[in-house]
Each structure stands twice: as C-alpha cells, then as structure tokens.
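# Residue-level structure breakdown
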Amino acid sequence: MSAPSLHGSGGPVGRRILVTGAAGFVGGHVLPLLATMSAGAGDCVAGIGRGRAPHLPEGVSYAAIDLLDEAALSGFVARFRPTAILHLAGLASVADSASGPGQTWRVNVNGLMNLVAAVEAVPGCTFFFVSSGEVYGSAFLAGHALSEAVEPLPRNTYARSKWVGEQLLRDLLPRIGVKLVVLRPFNHIGPGQDERFVVASFAGQIARIEAGLVPPCLEVGNLSSYRDFLDVADVANAYADLIGRADALADGSVFNISSGQPRTIASVLEDLRARARVPFEIRIAPERVRPTEIPLAAGDAGRLHAATGWQPRVSWDAALTRVLDDARARLSDARKSG
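The notes below deal with the structure included here. (Residues numbered from 1 in each chain as written. Predicted model: local features only at pLDDT ≥ 70, side-chain atom pairs only at ≥ 80, totals over all residues. Heavy atoms only, no water.)

## Quick word on the packing of aromatic side chains
If you walk through the whole model with that rule in mind, you get five aromatic pairs. Seen in terms of ring centroids, Y136 and F186 are 6.2 Å apart; in terms of plane orientation they differ by 25°. Their pairing is stacked. Taken together, the residues span a long stretch of sequence, with Y136 in the loop between β5 (126-130) and α5 (157-172) and F186 in the loop between β6 (179-185) and β7 (187-189) at a distance of 50 residues. Accessibility classification places Y136 together with F186 in one group, the buried group. With a centroid separation of 5.9 Å and an interplanar angle of 40°, the aromatic rings of F229 and W316 are classed as tilted. With F229 in strand β10 (residues 229-231) and W316 in helix α10 (residues 316-337), this residue pair connects regions lying 87 residues apart in the sequence. When sorted by exposure, F229 lands in the same class as W316, which is buried. Sitting above the plane of the F80 ring, R16 keeps its charged end 4.5 Å from the centroid. Here R263 stacks its cationic end above the ring of W316, 4.1 Å away from the centre of that ring. (Phe/Tyr/Trp six-rings, centres within 6.5 Å; stacked < 30°, edge-to-face > 60°. Helix = DSSP H or I, 4+ residues; strand = E, 2+ residues; numbered from the N terminus. Buried < 20%, exposed > 50% of the residue type's maximum accessible area, 1.4 Å probe, protein only. Lys NZ or Arg CZ within 6 Å of the ring centre and 35° of its normal.)

Written out as structure tokens, the structure is:
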C-alpha cells in the first residue's frame, strides 16, 4: 500500500513536520521519504539533531540542536510551530545503556522533558514518540509475538528509559493539548547503521575480512536468540504512514512496528556468510554476550496494518544485501579518504 499524502484524508494543508534525531540512522531514511511526500503539497519538513545532517534532502531544513539545550530547543519549536513531531532522538544502544546508564537517563528522559516544555507553545500538534519493542522485556518469556495489549516489563536501562518516557508523555501531553502516538519499533537494519548493532557488526567485520584488513575470524555474542528484524525502509514507511494519518489516530494510540517473524542470530549470520566473498571462522567473544538475554523477542503489528495497511515490503534477501553492500562501500570510502 502506498504511503498517504501528509495531508491525510481531508486534513489541513500546510502541515509542519519536525523530526528530532534527524542526523541519526533512522532520520537519514525518514527525512527523504517525508520530503518526497510533502513536495508540492504546501507542507514543511524540518530536522534537528546533535550533528550536521549528511545529504539533507531538498526542501528539508535542519538545525544542529541538542535536546539538552532547553533554550535553543524551545526557540526553534516556537519559530517552526510543528503540527506533528516525530521524536527519534535519544540513545538507542542497549549495550551502551548498560555501561553508561546515567547518560542514557539524561538524554532519553531529560531531553524528552525539554521537548515537552517546548511543545507547550504548539497545542494541537501530534507527538509521535518512538519508544521500542525492548519495553516488553520479561513479557517476551511468553515465547510468542506480543501485541500492544501486553503490559511492558522492561529489563534494561534503555528499555526502562523508553517505558518511563511513555508514562511521562501520558501524564504531561494532555495538559497542554498535544496528542500522543507511541511507536514501538523492533530491531531494524539497513544502510548507515553503526556497528553497536548486531547485523551491522557482522557486516562490518565481513567487509574488513574481505578487504584483508583483519584475520578471517568473525567475533559474535549469543547466536541462539530469536529476534524480529525489519529493513529500516519499512520502519520509515510505517512512520510516514502514521504521520499522514495523524488526524485520524486516537490520542494515546500505541503501534508495534515489527515483522512478526523472529529469526535466530545464527541464521542471520549464516545468511550473511553465504554472501561473503571469502571464508571465515566464527569466535564467541564473551564481551559481546548480553547478560539479560531474552530467548525470543517478536512483535505483532496487526494493529498497524489495520490502521494504515502497512506491511513489510523489503525482502529479507534485499535487506541483508543492502547492509553488506553498505558496509563494503563505507569501508572503501574510508580507505580512500584515509
């Protein structure tokens, strides 16, 4: 199903879409999509982030603003006056949150509080909060794909920061007349993702092995876990589909964004290995094994499909090919520039 216009069905013209975390992995895929959808429709798209946005799409404005800079953030929001906010910004690595919990709370909660204070100036907008499928935590021990009806039981700092964020917004946004829509994406992969994440790590290591930069030995963590993976393009499409229907969504809506088809990490590695240009060995590295491992984590996205018609479009084969080709290209570019 094609994504709707940003106007939605009978919606107002001149929507103003703000994307936080626009310089990050997902932002790099969402901004071009929103720019294409808004072209010629009288809509405006803006991004903010902590760094310079690479390859900014035509028609999209950008400002380098840290969410912990309350004054700069409030000033930008007051000037831009968004009608919809897609809040991508935050620390997204479970491993990093374990090693630096204080920074995770500061960025994911204090930054969120600053954004809430800023949107007091724009009542009537819709706040799309990108939480995470990680919030379900111990509920995954049920051993099957979970729907939004399941109560989250987060198990790590990152997940707890996202769950607290959901609760903060449910308390604060109704008081200022801002609609809340909670998005819970599961694992997503694609070009531009850094190697703190498992599939990007495998692809990066394979690219270096192929280039002869490291010995033919790939380091891994726990390979037996089942996880729910999507291509980042499918996640970006889900976000755009929902933003396009903002007016029709109920306040407080929650949507899983997931494939519902869990795969073992071992099978992901074997699929990448089949695409490698040279053979390599596999070594389990103790530092890569997460201590709070959940055997199976998968989500039921039936509610999202019913609301928008969304379903994954990028095949698994294409998704892995995109990741590995990107790892090779980035390595080649780095060697040329180095």
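What follows continues from the structure just given.
## Quick word on the nonpolar core
Among soluble globular proteins, nonpolar side chains are generally buried collectively. By size, the foremost hydrophobic cluster in this structure holds 35 residues, and its most contacted members are L34, L86, F128, L183, Y239 and I257. At the level of secondary structure, the elements contributing two or more residues to this core comprise β1 (16-20), α1 (27-38), β4 (84-87), β5, β6, α7 (232-244) and β11 (253-257). (Core = buried A, V, L, I, M, F, W, Y, C linked by side-chain atoms within 4.5 Å.)

## Describing empty space enclosed by the protein
Where empty space is left in the structure can be found by rolling a water-sized probe over the atoms. Inspection of every chain in the model, using the stated rule, returns one cavity of 30 Å³ or more. Considered as a void within the structure, the largest cavity measures approximately 50 Å³ in volume. Taken together, H87, A89, G90, V107, N108, F129, S161 and K162 make up the lining of the largest cavity. At the level of elements, α4 (101-119) and α5 are the ones that each hand at least two residues to the lining of the largest cavity. (1 Å grid on protein atoms, 1.4 Å probe; cavity = no way out; pocket = protein on both sides within 12 Å on 5 of 7 lines; lining within 4 Å. Points joined across faces, edges and corners; volume = space filled by probe spheres on them.)

## A few points about the pattern of salt bridges
Counted according to the given criterion, the structure contains 13 salt bridges. For the salt bridge of E148 with R303, the shortest nitrogen-to-oxygen distance reads 3.8 Å. You can see E148 sitting in the loop between β5 and α5 and its partner R303 sitting in helix α9 (residues 302-308), a full 155 residues away along the chain. Here E219 and R288 are joined by a salt bridge, their closest N and O atoms 3.8 Å apart. With E219 in strand β8 (residues 217-220) and R288 in the loop between β13 (281-284) and β14 (296-297), this pair connects stretches of sequence that are 69 residues apart. Sharing partners across several salt bridges, the network here consists of E210, D325 and R328. (Salt bridge = Lys/Arg side-chain N within 4 Å of Asp/Glu carboxyl O.)

## Remarks on the sheet that holds strand β12 (residues 263-264)
Pairing is mixed in the open sheet, where three strands are placed in the order β12-β9-β14. Each end of this open sheet is capped by a strand with a single partner; those strands are β12 and β14. In the sheet, strand β9 (residues 226-227) pairs with β12 via two bridges, with the strands oriented antiparallel. Each bridged residue has a counterpart across the sheet, and for R227 the counterpart in β12 is R263. (Pairing = 2+ DSSP bridges.)

## Description of the sheet that holds β11
Pairing is parallel in the open sheet, where seven strands are placed in the order β3-β2-β1-β4-β5-β6-β11. Of all strands in the sheet, those with a lone pairing partner are β3 (60-64) and β11, marking the two edges. Between one strand and the next, the sheet's axes are offset by a mean angle of 20°, whatever the strand orientation. For β1 and β4, the ladder comprises four bridges, and the chain directions are parallel. Within β4, the position partnered with I17 by the bridge is A84. Each of β1, β4 and β5 touches α4; the most contacted strand, β4, lies at about 175° to it. (Axes fitted to C-alpha atoms, helices over the stretch in contact; angles between N-to-C directions. Contact = heavy atoms within 4.5 Å.)

Function-wise, these values are silent; they only describe arrangement.
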